[in-house]
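Coordinate inspection notes
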Amino acid sequence: MTTADADWIDRFAGLAMLPADIRADLIAGSSVVALPAGTPVFAPGQSASDMLLLLQGTVRVQQTSDTGREVFLYRVHAGESCVLTTACMLAVEDYSAEGIAETDVRAVAIPRATFDDLVGRSPVFRQIVFAAFSQRITDLFALIDNIVFQRMDVRLASRLLELAGQDQVVRATHAALGSELGTAREVVSRTLSEFQRRGWIGQARGEVHLIDRAGLERLVRSAG
């Protein structure tokens, strides 16, 4: 563990509140790992051997349908843990989806033995785990609500605003955006063409350029 990683526990507000003995056991029983972009973090059928707390980067969690189509579930960002990993560790079940490092990732790996020990021994640690789990479950229900009830143009506009970098460019194919939203590439292509007609975006191969971010934001607010 590098000097820069030594204070990792203080980057998570809840963990910083742990009693000194539990905090020491958590640090001693964990390690910081680095994964390059594109690395599989977990896959269907694998056992959950470590709880990961992200320090840097993003992990995309997705499922693959029987027809081979990838369906985006959620992202894990720095400062968060993966709800599926937590569920699998609590239930001692194998993964039913896959996690992919979208960027270079640094994370704290808490082995199952350390996780089980602290969940059983520390009410504070247990509360932190279940609070994070509850929040992510709430986020997943919000995702289901969006898929079922929200218009596709609003969902796509919202996702473009979320994914755009500081240069206001979303680097993703129409197929990848379709996977993000659980819809077909053709639906994304039609909707993007309408956005372009309205002057909100421009398109290049594998890229969507946000020209009028305010226009997309107005669309999203109109459905609120």
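Residues numbered from 1 in each chain as written. Predicted model: local features only at pLDDT ≥ 70, side-chain atom pairs only at ≥ 80, totals over all residues. Heavy atoms only, no water.

1. With respect to the layout of surface pockets
Of the volumes computed, that of the largest pocket is approximately 370 Å³. Along the walls of the largest pocket sit 18 residues, with Phe72, Asp139, Leu143, Arg159 and Glu162 positioned nearest its centre. Elements supplying a minimum of two residues to the lining of the largest pocket: strand E5 (70-77), helix H4 (123-149) and helix H5 (152-163). Looking at the lining of the largest pocket element by element, the count peaks at 6 residues for H4. Broken down by class, the residue content of the lining of the largest pocket amounts to 7 nonpolar, 4 polar and 7 charged. Each of domain 1 (9-133) and domain 2 (147-222) contributes no fewer than three residues to the lining of the largest pocket. In this structure, the second largest pocket encloses a volume near 300 Å³. Residue lining of the second largest pocket: 18 residues in total, with Phe12, Gly79, Ser81, Ile128 and Ala132 positioned closest to the centre. Elements that contribute at least two residues to the lining of the second largest pocket include exactly strand E3 (50-56) and H4. (1 Å grid on protein atoms, 1.4 Å probe; cavity = no way out; pocket = protein on both sides within 12 Å on 5 of 7 lines; lining within 4 Å. Points joined across faces, edges and corners; volume = space filled by probe spheres on them. Helix = DSSP H or I, 4+ residues; strand = E, 2+ residues; numbered from the N terminus. Nonpolar A, V, L, I, M, F, W, Y, C, P; charged D, E, K, R; others polar. Domains from an automatic or database assignment.)

2. Describing the side chain of Thr58
Residue placement: Thr58 occurs in strand E4 (residues 58-64). Beyond its immediate stretch of four places on either side in the chain, Thr58 contacts Val76, His77, Ile100, Ala101, Glu102, Thr103 and Val105. (Contact = heavy atoms within 4.5 Å.)

3. Details of the UniProt feature "domain: HTH crp-type" (unreviewed entry) in the chain
According to UniProt, the "domain: HTH crp-type" (unreviewed entry) feature falls on residues 150-214. Along residues 150-214, the helical share is 54% and the strand share 15%, with 20 Å between the first and last C-alpha atoms. (UniProt positions renumbered as here; feature names shortened; annotations may be inferred.)

4. Details of the pairing of strand E9 (residues 201-204)
Side-chain positions along a regular strand alternate between the two faces of the sheet. Across 4 bridges, E9 lies against strand E10 (residues 207-210) in antiparallel orientation. Its bridge partner being in E10, Ile201 is matched across the sheet by Leu210. Turn length for the E9-E10 hairpin, with the two strands adjacent in sequence and antiparallel, is 2 residues, and the turn residue Gly206 shows positive phi of about 70 degrees. (Pairing = 2+ DSSP bridges.)

5. Some thoughts on the domain arrangement of the chain
Looking at the chain, the domain boundaries give domain 1 (9-133) and domain 2 (147-222). Here the C-alpha centroids of domain 1 and domain 2 sit 30 Å apart. Listed by partner, the interface residues are 7 residues for domain 1 and 8 residues for domain 2. When the area that domain 1 buries against domain 2 is broken down by residue, the three leading residues are Arg69, Phe72 and Arg75, summing to 69%. Across the salt bridge formed by Arg60 and Glu180, the nearest N and O atoms sit 2.6 Å from each other. Here the element with the most residues in the side of domain 1 that touches domain 2 is E5; it accounts for 4 residues. (Buried area = accessible area lost by both parts, 1.4 Å probe. Salt bridge = Lys/Arg side-chain N within 4 Å of Asp/Glu carboxyl O.)

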